[in-house]
Amino acid sequence: MKAIQMTGYGTPSEVCQCVEVDDVGEPGPGEVVIAIEAAAINPADLLIIEGKYASKPPLPAALGIEGAGRIAAVGEGVDNPAVGDRVMSLARANWTERVRVKAGLAVPMPAEADMLQLGMMKANPATAHLMLRDYVELEAGDWVIQNAANSGVGRYLIALARRRGLKTVNLVRRESLARELQNIGADVVVLDGDEVAERIAAATDGAAIKLAIDAIAGSATLRLADCLADGGVVVNYGLLSGEPCMIRSEHTVFHDISLKGFWLAKTMGEITPRDLMAMYDDLSALIADGTLSVPVEATYGLDEIAAALDHAGREGRGGKVVLTPAS
Ligand SMILES: NC(=O)c1ccc[n+]([C@@H]2O[C@H](COP(=O)([O-])OP(=O)(O)OC[C@H]3O[C@@H](n4cnc5c(N)ncnc54)[C@H](OP(=O)(O)O)[C@@H]3O)[C@@H](O)[C@H]2O)c1
């Protein structure tokens, strides 16, 4: 079967290849085989390949944090999921035709859900949900601000906030995105940059913003902190700028603003399996009914991996790049 393998750290399209590997074989007792149909390429995958992530897998390494597909075979003792069921894979190497995992790592998904959307649902919807839930107590009518608002996480966050009656300020680096984000429920969309706090105060009637969600770091963190009310929290979860997060003593000392970090891998390790399944049940229902949806700009087969990785690394994409191993 085909799988993506990384043989060095560096430019993703140069160090990753589609290779022929041994089939995963029949599932053992308590195991299932998932035929992967959709697997997003996320910024975290690119960071792993570039050697900039928290962990550096030994080489050659199999890749692909996310993946979804259908159950191709079940081992002894597995009643659920059954052959043909749609599942999301909690395995960590999903850029392949098939994975063999413990049944508990194949999370059942609604039959009516779009497979491409399921191929993006392990990391980003959960990240948006947990960052909105875990840092600041928010009530209907409260405001939240985020940057990189047109990202996958950003779009899920807009939809989840709206469901809870929260209002969102959304910073982007391309003005042309305003209408698109307003159409999915963004209350305010603002171009990130100079004097952003003043522009946001004008757009929100001086609303007290308690939570800021930061994917970029560097001076972008500082601009978010400038927009927060006293006691507010900046949650940094991404390093898109590659720069250290900036915050001033005036923020922390005079205004009691704090900076925290979120990492899904760590948080998932702290959630009980029952709560994890309940969270994915809720999120997948929202994916199935279209409440949570992110545009897909392009799909690629496994043997087009170099083009797919180049595309995923481009600025100004209109949506995610998803591998479709069964195509
Ligand atoms: N901590 C965690 O556990 C966790 C979990 C999931 C995701 N993440 C992080 O969340 C972030 C978004 O991921 P995603 O999959 O939602 O992204 P995505 O859908 O692939 O979109 C990428 C976004 O990043 C923006 N961007 C890229 N480089 C940038 C830069 N240098 N400065 C400002 N904006 C930049 C893009 O803006 P344009 O459209 O204008 O190019 C776009 O909005 C990533 O940093 C990812 O690593 C973290």
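Residues numbered from 1 in each chain as written. Predicted model: local features only at pLDDT ≥ 70, side-chain atom pairs only at ≥ 80, totals over all residues.

## Overview of the overall build of the protein chain
Looking only at helices and strands, the protein chain features 12 helices and 16 strands. In terms of overall size, the protein chain behaves like a compact globule, its C-alpha atoms giving a radius of gyration of 20 Å where 327 residues would be expected to give roughly 20 Å. Considering the protein chain as a whole, with its 327 residues, one finds that 42% of them fall into the buried category. For the protein chain, contacts bridging at least 24 residues in sequence account for 67% of all contacts bridging at least 6. (Helix = DSSP H or I, 4+ residues; strand = E, 2+ residues; numbered from the N terminus. Rg over C-alpha atoms; globule rule 2.2 N^0.38 Å. Buried ≥ 20, exposed ≤ 12 C-beta atoms within 10 Å, placed from the backbone. Contact = placed C-beta atoms within 7 Å.)

## Some thoughts on the site of the ligand
Of all residues adjacent to the ligand, which total 26 residues, the nearest are P43, S151, G152, G238 and L264. Those elements that place two or more of their residues in the shell around the ligand are α2 (43-49), α4 (124-134) and α5 (152-163). Here the shell around the ligand is composed, by residue class, of 12 nonpolar, nine polar and five charged. Here the shell around the ligand spans two domains, and each of domain 1 (2-120 + 294-323) and domain 2 (124-265) adds at least three residues to it. (Near = placed C-beta within 6 Å. Nonpolar A, V, L, I, M, F, W, Y, C, P; charged D, E, K, R; others polar. Domains from an automatic or database assignment.)

## Looking at the domain arrangement of the protein chain
By domain assignment, the protein chain separates into domain 1 (2-120 + 294-323) and domain 2 (124-265). Put simply, the middle of domain 1 and the middle of domain 2, counted by C-alpha atoms, are 30 Å apart. Of the residues lining the interface, five residues belong to domain 1; the matching set on domain 2 comes to six residues. Across the side of domain 1 that touches domain 2, the residue classes break down as three nonpolar, one polar and one charged.

## Quick look at the sheet that holds strand β14 (residues 258-261)
Taken together, the six strands give an open sheet; going across it, the order is β11-β10-β9-β12-β13-β14, and neighbouring strands pair in parallel fashion. Taken across any chain shown, the strands that pair with only one partner, and hence form the sheet edges, are β11 (188-191) and β14. The average undirected angle you get between the axes of adjacent strands in this sheet is 20 degrees. Judged from the four bridges that link them, strand β9 (residues 143-146) and strand β12 (residues 209-214) form a sheet pairing that is parallel. Counterpart to I145 in the pairing with β12 is A212. Across the face of the sheet, α5 comes into contact with β9, β10 (167-172) and β12 while running at roughly 165 degrees to β10. (Pairing = 2+ DSSP bridges. Axes fitted to C-alpha atoms, helices over the stretch in contact; angles between N-to-C directions.)

## A closer look at the nonpolar core
Ranked by internal contacts, the top residues of the largest apolar core, which has 93 residues, are V144, L157 and A212. Take this core: its biggest share by element is eight residues, from strand β3 (residues 31-41). Summarising the domain contributions, this core has at least three residues from each of domain 1 (2-120 + 294-323) and domain 2 (124-265). Other than its neighbours up to four places away in sequence, L157 contacts A128, L132, Q146 and I213. (Core = buried A, V, L, I, M, F, W, Y, C linked by C-beta atoms within 7 Å.)

## So, the sheet that holds strand β4 (residues 61-62)
With respect to topology, three strands assemble into an open sheet ordered β2-β1-β4, the strand pairing being antiparallel. Of all strands in the sheet, those with a lone pairing partner are β2 (16-20) and β4, marking the two edges.

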